[in-house]
Amino acid sequence: MKPTAFDYARPETLEEAVQALGSHPDAKVLAGGQSLVPLMSMRLAAPALIVDINHLPGLDHVTADASGVRIGALARHADVLASADVRRVQPLVSLALANVAHPTIRNRGTTVGSIVHADAAAEMPMVLQLLGGSVDVVGSGGRRTIAADELYVAPLESSLAHDEVAVEAFFPALPAGSGVAFEEISRRHGDYAMCGVAAVVAVEDGRVTSARAGYLSVSDVPTVVDLTDALAGSVDDAALARAAEAALAQLEPESDIHATAAYRAHLAKVLTARVLTAAHDHAREE
Amino acid sequence: MAENTAEKIHDVRLEVNGVTHAVAVPARRLLSDALRQECGLTGTHVGCEHGVCGACTVLVDGRPVRSCLMFAVTAAGSEITTVEGLAEPDGSLNPAQQAFRECHGLQCGFCTPGFLTTVTAGIKENPCPTHEEAREMVAGNLCRCTGYQNIVKAVERAAEIARGDAPAAGPPDGDDGGLEAATGDTEVARKDDASTTGLGA
Ligand SMILES: Cc1cc2nc3c(=O)[nH]c(=O)nc-3n(C[C@H](O)[C@H](O)[C@H](O)COP(=O)(O)OP(=O)(O)OC[C@H]3O[C@@H](n4cnc5c(N)ncnc54)[C@H](O)[C@@H]3O)c2cc1C
Ligand code: FES
Ligand code: FES
């Protein structure tokens, strides 16, 4: 199907973009279009005004320093994935991005767009939340930083105001002594996952001081659980089984056409043990 | 479409295969449709129209992109290459096209334009793909005919040809129904075109 008719604005400055968004209650930002255009073609979305931000200057940066990784709103997934600096400073960003769709979709889709689209089946919202990152937005009220914790308010809903443009995402660097891992299961390579889990484990003097896991596609919003207690002793099969149970107690797996709730629960358990093991190994190498 | 009687028409200059096409389109015109309808370049095929099948893949500033997920108005100012623009300046097949022909990497040819654009860019970015990388390169493109084995062979062969370290290939035996389809310009392709336009409309 084809999208319904809409008005089109192609601002050349951020101020113009914010103004255009404010000019209509039913305006939407168009970034990579890899989520929005299919929704419009299927007529699940029919915005009255499209504000195309693809031609704004100075938003396609990908930078990494000791504090973390900064990704501009027009950096495509492929640009972020190609950055060796990103991989070094926060490897979980790269590990997760390799699972976002196919290379062709990644050439156009933006990482910031994915983060504010707030799909619980998407990799980057969950990773932002697990790492305690944030998004900078600019609106008629000026610029503000939204912590990941406050970004995801409901399924497919972020806390951006109607006239706000997300300009940059920030992922904190991986501290020394910490390790990360990511795994997901999907029906076909490149599809949205039926379940995906990422972990961050911190080790000090051979003991786990912190272990957290993030879940995508399990509940209807990206979910993070703290599993430090389960791994506080040693990291062995019994501890991993305890951690997986503890995680599941805080999740509410849902059924859909891709997988039943029971199958999702099973995947969540198995993947939890796998990523905790891998993140723990990674932490000890660091 | 009756919902909007005064739909604004945008004058857009599309740079396609080195030629400027001045087209007048509503903002909602997908790049895939503008290429086929306004530019008359029907080599770009439309299958799913939501980003999954890859048939509509074109190069935008050298990178493979789904033309069904881009509005023509957004594409103004970018260099677009469709399957019609892949052949060498002298008209001979480019390495990806040659390889698909040699390896029998197509049957009906519907998916082929998307594969050829993807592989043309893919072997530029990675001139020596491993078998796994060759598979990954085309993992986002669907083919309902071939079963992919010959397509993956064609990716590896295309890289060989492009590197210039390929042993001269024997001529493909018998009649080569693949040749014209690989250039995106045949009876076969046109028949498919008619049916997809019908589906999409
Ligand atoms: C076949 C296919 C498979 C895919 N598979 C996956 C997958 O496995 N995992 C995954 O995570 N994603 C997947 N995607 C989606 C892809 O990652 C998108 O690129 C991403 O979700 C959205 O980014 P975008 O730049 O394309 O945003 P758009 O589609 O342009 O926008 C999406 C939404 O975010 C808003 N928005 C975008 N940017 C901004 C901004 N800067 N400020 C304010 N609002 C903004 C838009 O208004 C819109 O509501 C897939 C897409 C396709 C077509
Ligand atoms: S028609 Fe564009 S991906 Fe299928
Ligand atoms: S050759 Fe027929 S769909 Fe690929």
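Conventions used here
- Residues numbered from 1 in each chain as written.
- Chains lettered and ligands numbered in written order.
- Predicted model: local features only at pLDDT ≥ 70, side-chain atom pairs only at ≥ 80, totals over all residues.
- Heavy atoms only, no water.
- Pairing = 2+ DSSP bridges.
- Helix = DSSP H or I, 4+ residues; strand = E, 2+ residues; numbered from the N terminus.
- Axes fitted to C-alpha atoms, helices over the stretch in contact; angles between N-to-C directions.
- Domains from an automatic or database assignment.
- Contact = heavy atoms within 4.5 Å.
- Buried area = accessible area lost by both parts, 1.4 Å probe.
- Buried < 20%, exposed > 50% of the residue type's maximum accessible area, 1.4 Å probe, protein only.
- Salt bridge = Lys/Arg side-chain N within 4 Å of Asp/Glu carboxyl O.
- Polar contact = N/O pair within 3.5 Å; in protein donor to acceptor, adjacent residues only side chain to side chain.
- Nonpolar A, V, L, I, M, F, W, Y, C, P; charged D, E, K, R; others polar.
- 1 Å grid on protein atoms, 1.4 Å probe; cavity = no way out; pocket = protein on both sides within 12 Å on 5 of 7 lines; lining within 4 Å.
- Points joined across faces, edges and corners; volume = space filled by probe spheres on them.
- Phe/Tyr/Trp six-rings, centres within 6.5 Å; stacked < 30°, edge-to-face > 60°.
- Near = heavy atom within 4 Å.
- Areas by Shrake-Rupley, 256 points an atom, 1.4 Å probe, with all protein chains shown as cover.

**Topic: the sheet that holds strand E7 (residues 142–147) of chain A**
Residues and elements named next belong to chain A.
Phase 1 of the analysis: Taking strand neighbours across the sheet as the criterion, the five strands line up as E4-E5-E10-E6-E7 in an open arrangement whose pairing is antiparallel. Two strands lie at the open edges of the sheet, namely strand E4 (62–65) and E7, each paired on one side alone. Neighbour-to-neighbour, the strand axes of this sheet turn through a mean angle of 20°, independent of strand direction.
Phase 2 of the analysis: Where strand E6 (residues 134–139) and E7 come together, six bridges link them in antiparallel fashion.

**Things to note about the domain arrangement of chain A**
Residues and elements named next belong to chain A.
Phase 1 of the analysis: Here the domain parsing of chain A yields domain 1 (7–53), domain 2 (62–172) and domain 3 (178–285).
Phase 2 of the analysis: Centre-to-centre, using C-alpha coordinates, domain 1 lies 19 Å away from domain 2.
Phase 3 of the analysis: Between domain 1 and domain 2, the residue contacts involve 16 residues of the former and 15 residues of the latter.
Phase 4 of the analysis: Both sides of the domain 1 and domain 2 interface together cover about 1,100 Å² of buried area, and 74% of this is carbon and sulfur.

**Considering the side chain of B:Asp33**
Phase 1 of the analysis: Tracing the backbone through its elements, the reader meets B:Asp33 in helix H1 (residues 31–38).
Phase 2 of the analysis: Note on B:Asp33: relative accessible area 7%, which makes it buried.
Phase 3 of the analysis: In this view, B:Asp33 contacts A:Lys2, B:Glu38, B:Val46 and B:Glu49; residues no more than four positions away in its chain are not counted.

**Considering the interface of chain B and chain A**
Phase 1 of the analysis: Counting from both sides, the interface comprises 29 residues of chain B and, opposite them, 32 residues of chain A.
Phase 2 of the analysis: One can count four salt bridges joining chain B with chain A.
Phase 3 of the analysis: Linking B:Asp33 and A:Lys2 is a salt bridge whose minimum nitrogen-to-oxygen distance equals 2.7 Å.
Phase 4 of the analysis: Run the count over chain B and chain A and you get eleven residue pairs in polar contact (both at pLDDT 80 or more).
Phase 5 of the analysis: Listing elements by their share of the side of chain B that touches chain A, those giving two or more residues are strand E4 (63–66) and helix H2 (72–75) of chain B.
Phase 6 of the analysis: Looking at which element gives the most residues to the side of chain B that touches chain A, the answer is E4(B), with four residues.
Phase 7 of the analysis: Of the residues assigned to the side of chain B that touches chain A, the class counts are twelve nonpolar, nine polar and eight charged.

**Remarks on empty space enclosed by the protein**
Phase 1 of the analysis: Here the structure, examined in full by the defined rule, presents one cavity of 30 Å³ or more.
Phase 2 of the analysis: One number sums up the size of the largest cavity: a volume of about 40 Å³.
Phase 3 of the analysis: Of the residues in the lining of the largest cavity, the class split is six nonpolar, four polar and one charged.

**Brief notes about the packing of aromatic side chains**
Residue and element names in this part refer to chain B.
Phase 1 of the analysis: Taken as a whole, this structure holds two aromatic pairs over all chains when the rule is applied.
Phase 2 of the analysis: Arranged with centres 6.3 Å apart and planes meeting at 45°, the rings of Phe 100 and Phe 115 form a pair that is tilted. A residue pair is termed long-range when its members are at least 10 positions apart, and Phe 100 in helix H3 (residues 95–102) and Phe 115 in helix H4 (residues 112–125) qualify at 15 residues. One exposure class covers both Phe 100 and Phe 115, and it is buried.

**What to know about the domain arrangement of chain B**
Residue and element names in this part refer to chain B.
Phase 1 of the analysis: According to the domain assignment, chain B consists of domain 1 (9–85) and domain 2 (95–199).
Phase 2 of the analysis: At the junction of the two partners, domain 1 supplies 19 residues and domain 2 supplies 19 residues.
Phase 3 of the analysis: Together domain 1 and domain 2 conceal approximately 1,400 Å² of surface at their shared face, both sides included; 56% is due to carbon and sulfur atoms.
Phase 4 of the analysis: By the criterion of area lost to domain 2, the three top residues of domain 1 are Arg 36, His 45 and Val 83, representing 36% of everything that side buries.
Phase 5 of the analysis: Counting the contacts that link domain 1 with domain 2 gives zero salt bridges.

**What about the site of ligand 1?**
Phase 1 of the analysis: Residues in contact with ligand 1 amount to 35 residues; listed here are only the nearest, A:Val29, A:Ser35, A:Leu36, A:Thr110 and A:Glu123.
Phase 2 of the analysis: Around ligand 1 the close residues trace back to chains A and B.
Phase 3 of the analysis: At 3.0 Å from an oxygen atom of ligand 1 is found a side-chain nitrogen or oxygen belonging to A:His77.
Phase 4 of the analysis: Here an oxygen atom of ligand 1 and a backbone polar atom of A:Ser114 are 3.5 Å apart.
Phase 5 of the analysis: Protein coverage of the free-state accessible area of ligand 1, which is 970 Å², stands at 94%.
Phase 6 of the analysis: Counting residues per element, the ones that place at least two in the shell around ligand 1 are strand E2 (27–30), helix H7 (111–117) and strand E10 (165–172) of chain A.
Phase 7 of the analysis: Here the shell around ligand 1 takes four residues from H7(A), the largest share from any one element.
Phase 8 of the analysis: Taken together, the residues of the shell around ligand 1 break down into 17 nonpolar, 14 polar and four charged.

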